[in-house]
Amino acid sequence: MKSRRRVLTLVASLSGLLMAGPCLALDAPKERPILTVSGKIGEKNAGDKARFDMKMLEALPQHSFTTRTPWYDRPVKFTGPLLSDVLAAVKASGTTISAIAINDYKITIPVSDTQKYKVLVARLLDDQPMPVREKGPLFVIYPFDSDADLRSSTYYERSIWQLKALDIQ
């Protein structure tokens, strides 16, 4: 009787855990990693880093905005996860982000920008994937048309294309 009670207690406990929702652990990429996040992060899937493939970035909530930029001769639509959602996925705890491009261009972005503005890690330009030769596959972009203060060299410089890595400090 005691063993049956223990089994029922164990089953009830496991059922409660399963019904609590899916595990929030960051899965390992199944395809070629496209973005690496390192530094002050609490969620990792590759040693001391977190790596994302495109499908992992697509699985995050997606946002879009259309804005004018210095790089295109017309307003263009950008789509992708918010940079704040990427930081949340890795449980980032720093105050600055060192963003690094494929060509090793590096810029520092304050984490506070991700709370103040809807900064995207864009993966689509006008609803199409961005090839490397067209500033892709990832582009950190600010919604320049939403706030006149964003239309300055400070924020244009923080909009890094061909993004490959984020280091949280």
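Structure shown above.
Cut-offs used in this document
Residues numbered from 1 in each chain as written. Predicted model: local features only at pLDDT ≥ 70, side-chain atom pairs only at ≥ 80, totals over all residues. Heavy atoms only, no water. Pairing = 2+ DSSP bridges. Helix = DSSP H or I, 4+ residues; strand = E, 2+ residues; numbered from the N terminus. Axes fitted to C-alpha atoms, helices over the stretch in contact; angles between N-to-C directions. Phe/Tyr/Trp six-rings, centres within 6.5 Å; stacked < 30°, edge-to-face > 60°. Lys NZ or Arg CZ within 6 Å of the ring centre and 35° of its normal. Salt bridge = Lys/Arg side-chain N within 4 Å of Asp/Glu carboxyl O. Buried < 20%, exposed > 50% of the residue type's maximum accessible area, 1.4 Å probe, protein only.

A word on the sheet that holds strand β11 (residues 163-168). Taken together, five strands build an open sheet; the order of strands is β2-β1-β11-β5-β6 and the sheet is mixed. Looking along the sheet, the strands with just one partner apiece sit at the ends: β2 (50-52) and β6 (106-110). The mean inter-strand angle of the sheet, taken between neighbouring strand axes irrespective of direction, is 20°. Summarising the sheet, strand β5 (residues 96-101) and β11 pair through five bridges and their orientation is antiparallel.

As a further point, take the packing of aromatic side chains. If you walk through the whole model with that rule in mind, you get 13 aromatic pairs. Judged by centre distance (5.4 Å) and plane angle (75°), the ring pair of W71 and W161 falls under edge-to-face. With W71 in the loop between β3 (63-67) and β4 (76-80) and W161 in the loop between α5 (153-158) and β11, the pair connects residues that are 90 residues apart, well separated along the chain. Three or more aromatic residues joined by ring pairs make a cluster, and in this case those are F65, W71, Y72, F78, Y117, F139, Y142, F144, Y155, Y156 and W161. When the ring centre of W161 is taken as reference, the NZ or CZ atom of K135 above it lies at 4.7 Å.

Moving on, we come to the pattern of salt bridges. One pass over the full model with this rule turns up eight salt bridges. Here E58 makes a salt bridge to R123, at a shortest N to O gap of 3.7 Å. Separated by 65 residues along the polypeptide, E58 in helix α2 (residues 54-59) and R123 in the loop between β7 (120-122) and β8 (124-125) bring together distant segments of the chain. We classify E58 as partly exposed; its relative accessible area is 36%. Note that K77 is salt-bridged to D127, the shortest N-O span being 2.9 Å. Remark: D127 occurs in the loop between β8 and β9 (128-129) and K77 occurs in strand β4; sequence separation between them is 50 residues.

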